[in-house]
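Here is what each chain is made of, one letter per residue.
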Amino acid sequence: MTRPIDRTWFVDLTRSQVHVEERTYDEVADVLGGSGFGWRIVANRLPSGIDPFSPENMIVLNPGTLVGTRVMGASKLTAITKFPTVASADHRYYVGSCTSGGRYFAIGMRQAGCDRLVIQGKASEPVILAIRDGGLSIEPAGDLWGKGIDEVSRTLIEQEGQDAGVLVIGTAGEKLVRSALTIIDRTNSLGRGGLGAVFGSKNVKAVVAHGTGSIRVADPIGYNQIADELCERAMTWPRREHWIKLGLAAGWSTFKHTQNPGMWEKESWDKLYGEEKRLESLRAVIACASCPLNCRLRWVLPGGEFDGEQGLGSPYSKSATSGQLLGIEDDRKMIHLVTEANSYTGIDFYTTTRLIDFVTRMAERGRIPAEQDGITLARDYPTYQRLYTMTANREGLGDILADGWYRVQEELGLDPSEYWYAGVCKGVDFIYDARPSRFHPLMMTFLTRPRPHHGGSHTRTNSRGKTLEEIRDQAAHWGLSDEVMDRIFLETDYSGKFNVGRYTAYMEDLMRVKNAIGLCTIYTYQALIFADDMARLYSAAVGEQINARELIRRGERVSNLAKMINVRDGFSRADDQPPDVWFRPMEAPEGRIEMEDYYQTKTLHREDLAHMLDDYYEERGWDKTSGHPTPEKLAALGLSI
Amino acid sequence: MISIGGRLTIWPDRCRGCRSCQMACSFTKTLEYNPSASYIILERDLETEKTAPMIKSLRCDLCGGNPACAAACSYKAITFEPNWESGSCE
Ligand code: SF4
Ligand code: SF4
């Protein structure tokens, strides 16, 4: 049995130096290798208090430990950095992780022998980083700087060969738009909240990954058998046929509840943006590496102003919520804007839309002057189009929007807590609204994770109407003691039939596991791979027998590392607060929608959420007042930071 | 290509680009995963990101009558009929 070696490549862009550190797997196993060890590098080597755009900031790219091995859904890359989103009124910034699938990039890294790339410093000129069999090279970006994402992606794939993976930033990342993200392999987005801008601050336009080496596991036969068994499970999943026909467009039945802004009648939203409408532009569904479910989409707009325009990624949910928020009934107009964001600018479509909605509505209400730098604010499509462009280019008012919610508050006097949809926490707007969604554990992770986005935490609880048995059955695979299970499934008057705070702690630890091993969250969302399956896979891959309980324990270690890095930068429970809007009923055409518990037994109030947060910290062994891991907890996990 | 006991058929329109066939092929020959070492290339059309598998190597032996690539393809873009008379690879 050959156990894998863990190789971290470091590049210092300021000095144009590259070095590689090799470790035995035992040295990285306590945090599961992959992004788990990426977090340890950040904990040990990223100075606290630095500006995200300073050369000292780090980007760590981590393919999962199982990536490239044919296990279904093991396609993910996790990036860790200090994000440039202004996360508090006193301008603090969180260190967080983001994750995404793809077909070529993460595998290309592993095939080249790079289990992790740490990027630090700042290049003196725009560059491309190339990860190849021979090592890493820093190459001039030349005239690719200033070009859109898709053109750059295609050029690099043409140069490097059709199996090359690419991670590219758009024009917004170059201009340091604080929400800007990156696009991987043309179809997957990574890093809302500004990963693209951190790349831009380092003068890195793209990373190419292309290797030809083999990916080995410790017990090949045993491992491959588990891979077959799991794939069989996905193939017999009753919803598979529907899912492979529509990809992510299949999510409408859940999505129309969780991401409903409550402005339109449900029937008209269904007609304008629902499943039937999606089929009009959907042309193909594309799978990430080794995924039997597939979800990435290719669309071509039929008719209208943008007839024939093609895009790649997943436009439907973004366009549907944004269309309703902005009052645009023609889905093609919104999908066009998503296409521009994915294939050219790389702005985060969620954040930019909500900021545009906020300022244009506030101008309409007379709260700010309609005459702004470079634009007259109105509630119409040409104004929105212009504002997306101005944000990406940092022109006029767009320069303020490009800096996010706190800058809007500072410059325009608009308090983000007034925003009416979903809410803002740590400077990030949420993609789901807790009121129409009902309060499920994913909403809780938006508060408790250092970076307020789900990060791949999904379980069955993220769809409405799952029975308690189903939720309990999934959690039963986490290897928790009876005592812990009893605590999670104890009914309380503040959380309902199960304890969302306590459940969330383990759900987050499982997310750390999935991200470290590189497993897509859809497989826990749809309950097709369980924590004990992950333990079997991990054991066979690295040659160390561990069970689900130990796996989750190692995930917990990563959660604590991530938290401590942020504690060092001044974050505490005071930052984990639910947004005010959750406690204001949504006035929807079908009536008032209040934030209720998962089973809709009661309206939730601030005290209820405070109680859930208490339980979350307590379950974690953290101090309830500060929200910080206690010295005893860190010692029990063997962590020193 | 003629081989033992069956016919392997490729249905390019059904391919979704998951690369499982490449990983399965390399694994069955070497017990390691390596798309670059598999006997399959995935033609990638950069206009549409459409992919289509092609068996590129004369060394393909239909895995002795139980092709790993066909078994691994969840989208039925590579299929195998075991009892095809003469045995061929299309
Ligand atoms: S032929 Fe099948 S297994 Fe191979 S890439 Fe296409 S869909 Fe995936
Ligand atoms: S049938 Fe040929 S191409 Fe397919 S897995 Fe076997 S050797 Fe590879």
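This structure is a prediction, so every number in the text was calculated from the model and none was measured.

Quick look at the overall build of chain A
For step 1, the next point in the chain: Helix and strand counts for chain A stand at 26 helices and 21 strands.
For step 2, the next point in the chain: Against the globule reference of 26 Å for 641 residues, chain A gives a C-alpha radius of gyration of 23 Å, in line with a compact fold.
For step 3, the next point in the chain: If one aligns the C-alpha atoms of chain A with their principal axes, the spans along those axes are about 70 × 60 × 50 Å.
For step 4, the next point in the chain: Across the 641 residues of chain A, 67% fall into the buried class.
For step 5, the next point in the chain: Here the analysis covers contacts within chain A between residues at least 6 apart in sequence; of these, 68% occur between residues at least 24 apart.
For step 6, the next point in the chain: Charge separation in chain A, taken as the distance between the mean sites of 76 positive and 87 negative side-chain charges, equals 1 Å.

Details of the packing of helix 18 (residues 441-448) of chain A against helix 21 (residues 500-517) of chain A
All names here are of chain A.
For step 1, the next point in the chain: Here helix 18 crosses helix 21 at 75 degrees, and the two axes come no closer than 9 Å. By the angle between their axes, helix 18 is roughly perpendicular relative to helix 21. Taking contact as the criterion, the partners of Pro441, Leu442, Met444, Thr445 and Thr448 in helix 18 are, on helix 21, Val500, Gly501, Tyr503, Thr504, Met507 and Glu508.
For step 2, the next point in the chain: Residue composition of the contact of helix 18 with helix 21, by class: six nonpolar, four polar and one charged.

A closer look at the interface of chain B and chain A
For step 1, the next point in the chain: Between chain B and chain A, the contact holds 25 residues from the first and 43 residues from the second.
For step 2, the next point in the chain: Among the residues chain B hides against chain A, the three largest losses belong to B:Arg16, B:Tyr33 and B:Arg44. Together they make up 25% of the total.
For step 3, the next point in the chain: Along the contact surface separating chain B from chain A lie four salt bridges.
For step 4, the next point in the chain: Connecting chain B to chain A are 28 residue pairs in polar contact (both at pLDDT 80 or more).
For step 5, the next point in the chain: For the side of chain B that touches chain A, the secondary-structure elements that each account for two or more residues are helix 1 (20-30) and strand 2 (40-45) of chain B.
For step 6, the next point in the chain: Take the side of chain B that touches chain A: its biggest share by element is four residues, from helix 1 of chain B.
For step 7, the next point in the chain: Per-class residue counts for the side of chain B that touches chain A are eleven nonpolar, seven polar and seven charged.

Details of the packing of aromatic side chains
For step 1, the next point in the chain: Following the criterion strictly, the structure yields 28 aromatic pairs over all chains and no others.
For step 2, the next point in the chain: Through a chain of ring-to-ring contacts, three or more aromatic side chains come together here, namely A:Trp478, A:Phe489, A:Phe498, A:Tyr503, A:Tyr598 and A:Tyr599.
For step 3, the next point in the chain: One cation-aromatic arrangement involves A:Arg240 over B:Tyr75; the distance from NZ or CZ to the ring centre is 5.4 Å.
For step 4, the next point in the chain: In this structure, A:Arg365 packs its charged tip against the face of A:Trp420, placed 4.8 Å from the ring centre.

Points about the pattern of salt bridges
Residues and elements named next belong to chain A.
For step 1, the next point in the chain: According to the stated counting rule, one finds 66 salt bridges over all chains in the structure shown.
For step 2, the next point in the chain: Residue Asp6 pairs with Arg116 through a salt bridge whose shortest N-O separation is 2.8 Å. Here Arg116 lies in strand 6 (residues 116-120) and Asp6 lies in strand 1 (residues 5-12), a separation of 110 residues in the sequence.
For step 3, the next point in the chain: When its relative accessible area of 0% is taken as the criterion, Arg116 is described as buried.
For step 4, the next point in the chain: The partner of Arg178 in a salt bridge is Asp403, with the nearest N and O atoms 2.9 Å apart. On the criterion of sequence distance, the pair formed by Arg178 in the loop between helix 4 (171-174) and strand 10 (182-184) and Asp403 in the loop between helix 15 (397-401) and helix 16 (405-412) is long-range, its members being 225 residues apart.
For step 5, the next point in the chain: Its relative accessible area of 15% is what places Arg178 among the buried residues.
For step 6, the next point in the chain: Residues joined by salt bridges that share partners form a network here, namely Glu483, Arg487, Arg502, Asp615, Glu618, Glu619 and Lys624.

Observations regarding the domain arrangement of chain A
Residues and elements named next belong to chain A.
For step 1, the next point in the chain: Taken domain by domain, chain A consists of domain 1 (5-210), domain 2 (220-414) and domain 3 (438-636).
For step 2, the next point in the chain: Placing a centre on the C-alpha atoms of domain 1 and another on those of domain 3 gives a separation of 27 Å.
For step 3, the next point in the chain: Listed as interface residues are 41 residues of domain 1 and, on the opposing side, 38 residues of domain 3.
For step 4, the next point in the chain: Counting the surface lost from both domain 1 and domain 3, the interface buries some 3200 Å², and carbon and sulfur atoms represent 62% of this.

Quick notes on the environment of A:Ala106
Residue and element names in this part refer to chain A.
For step 1, the next point in the chain: Inspection of the secondary structure assignment puts Ala106 in helix 2 (residues 105-111).
For step 2, the next point in the chain: According to the relative accessible area criterion, Ala106 is buried, its value standing at 5%.
For step 3, the next point in the chain: For the pair Ala106 and Leu77, spaced 29 residues apart in sequence, the C-alpha to C-alpha distance is 5.8 Å.
For step 4, the next point in the chain: Apart from the residues within four sequence positions on either side, Ala106 is in contact with Pro63, Val67, Ser75, Lys76 and Leu77.

A word on the side chain of A:Gln259
Residues and elements named next belong to chain A.
For step 1, the next point in the chain: Topologically, Gln259 is positioned in the loop between helix 8 (252-258) and helix 9 (266-273).
For step 2, the next point in the chain: Judged by relative accessible area, Gln259 falls into the buried class, the value being 6%.
For step 3, the next point in the chain: Leave out the neighbours within four places in its chain, and Gln259 touches Trp269, Thr321, Tyr350, Tyr421, Ile431 and Tyr432.

Quick notes on the nonpolar core
All names here are of chain A.
For step 1, the next point in the chain: Counting residues in hydrophobic clusters, the biggest one holds 205 residues, and the most contacted among them are Leu61, Leu117 and Phe439.
For step 2, the next point in the chain: Ignoring sequence-local partners within four residues, the contact set of Leu117 consists of Trp9, Val11, Ile59, Val60, Leu61, Met109, Ile131, Leu136 and Val207.
For step 3, the next point in the chain: Judged by nonpolar contacts, the second largest core, of 15 residues, contains Ile149, Val152, Leu156 and Val168.

Regarding the packing of helix 18 of chain A against helix 25 (residues 606-620) of chain A
The relative placement of two packed helices comes down to the angle between their axes together with the axis-to-axis distance.
Residues and elements named next belong to chain A.
For step 1, the next point in the chain: Running from amino to carboxyl end, helix 18 crosses helix 25 at an angle of 75 degrees, the nearest separation of the two axes being 12 Å. Taken together, the axes of helix 18 and helix 25 are roughly perpendicular relative to one another. Here helix 18 contributes Met444, Leu447 and Thr448 to the contact with helix 25, which in turn contributes Leu609, Met612, Leu613 and Tyr616.
For step 2, the next point in the chain: Residue composition of the contact of helix 18 with helix 25, by class: six nonpolar, one polar and no charged.

Quick look at the sheet that holds strand 4 (residues 77-82) of chain A
Residues and elements named next belong to chain A.
For step 1, the next point in the chain: Here we have six strands laid out as an open sheet, ordered 2-1-6-3-4-5, and mixed in their pairing. The outermost strands of the open sheet, each flanked by one partner alone, are strand 2 (17-24) and strand 5 (95-100). Going from strand to strand, the sheet's axes swing by 15 degrees on average, the running direction of each strand aside.

Section: the site of ligand 2
All names here are of chain B.
For step 1, the next point in the chain: Neighbouring ligand 2 are the residues Cys25, Lys29, Tyr39, Ile40, Ile55, Cys60, Asp61, Leu62, Cys63, Pro67, Ala68 and Cys69.
For step 2, the next point in the chain: Only helix 1 and helix 2 (68-72) provide two or more residues apiece to the shell around ligand 2.
For step 3, the next point in the chain: When its residues are assigned to classes, the shell around ligand 2 shows ten nonpolar, no polar and two charged.

A short note on the site of ligand 1
For step 1, the next point in the chain: In the region of ligand 1, 13 residues are neighbours, and B:Cys15, B:Cys18, B:Arg19, B:Cys21 and B:Cys73 sit closest.
For step 2, the next point in the chain: Here the residues of the shell around ligand 1 are counted per class, giving nine nonpolar, two polar and two charged.

Describing helix 12 (residues 331-345) of chain A
Residues and elements named next belong to chain A.
For step 1, the next point in the chain: If you check helix 12, its first and last C-alpha atoms are 20 Å apart, about what 15 residues at 1.5 Å a residue would give, namely 21 Å.
For step 2, the next point in the chain: What helix 12 keeps buried is the set Asp331, Met334, Ile335, His336, Leu337, Val338, Thr339, Ala341, Asn342 and Thr345.
For step 3, the next point in the chain: Here helix 12 starts with a cap whose side-chain oxygen sits 3.0 Å from the backbone nitrogen of Arg332, and that cap is Asp330.
For step 4, the next point in the chain: The first or second residue beyond helix 12 is Gly346, which carries a positive phi of 75 degrees.

Brief notes about the side chain of A:Thr360
Residues and elements named next belong to chain A.
For step 1, the next point in the chain: Summarising the element assignment, Thr360 is placed in helix 13 (residues 349-364).
For step 2, the next point in the chain: On the basis of relative accessible area, Thr360 is assigned to the buried category, the value being 1%.
For step 3, the next point in the chain: At 2.7 Å, the side chain of Thr360 and the backbone oxygen of Ile356 are in polar contact.

Notes on the environment of A:Met263
Residues and elements named next belong to chain A.
For step 1, the next point in the chain: Structurally, Met263 is set in the loop between helix 8 and helix 9.
For step 2, the next point in the chain: Look at Met263 and you get partly exposed, because its relative accessible area is 34%.
For step 3, the next point in the chain: Placed 62 residues apart in sequence, Met263 and Leu325 show a C-alpha to C-alpha distance of 7.3 Å.
For step 4, the next point in the chain: When near neighbours in sequence (up to four residues on either side) are disregarded, Met263 contacts Gln324, Leu325, Arg361, Trp420 and Pro589.

Rules behind the numbers
- Residues numbered from 1 in each chain as written.
- Chains lettered and ligands numbered in written order.
- Predicted model: local features only at pLDDT ≥ 70, side-chain atom pairs only at ≥ 80, totals over all residues.
- Heavy atoms only, no water.
- Helix = DSSP H or I, 4+ residues; strand = E, 2+ residues; numbered from the N terminus.
- Rg over C-alpha atoms; globule rule 2.2 N^0.38 Å.
- Buried < 20%, exposed > 50% of the residue type's maximum accessible area, 1.4 Å probe, protein only.
- Contact = heavy atoms within 4.5 Å.
- Lys, Arg positive; Asp, Glu negative; His and termini not counted.
- Charge placed at Lys NZ, Arg CZ, Asp CG, Glu CD.
- Axes fitted to C-alpha atoms, helices over the stretch in contact; angles between N-to-C directions.
- Parallel < 35°, antiparallel > 145°, perpendicular 65-115°, else oblique.
- Nonpolar A, V, L, I, M, F, W, Y, C, P; charged D, E, K, R; others polar.
- Buried area = accessible area lost by both parts, 1.4 Å probe.
- Salt bridge = Lys/Arg side-chain N within 4 Å of Asp/Glu carboxyl O.
- Polar contact = N/O pair within 3.5 Å; in protein donor to acceptor, adjacent residues only side chain to side chain.
- Phe/Tyr/Trp six-rings, centres within 6.5 Å; stacked < 30°, edge-to-face > 60°.
- Lys NZ or Arg CZ within 6 Å of the ring centre and 35° of its normal.
- Domains from an automatic or database assignment.
- Core = buried A, V, L, I, M, F, W, Y, C linked by side-chain atoms within 4.5 Å.
- Pairing = 2+ DSSP bridges.
- Near = heavy atom within 4 Å.
- Expected span 1.5 Å × (residues − 1).

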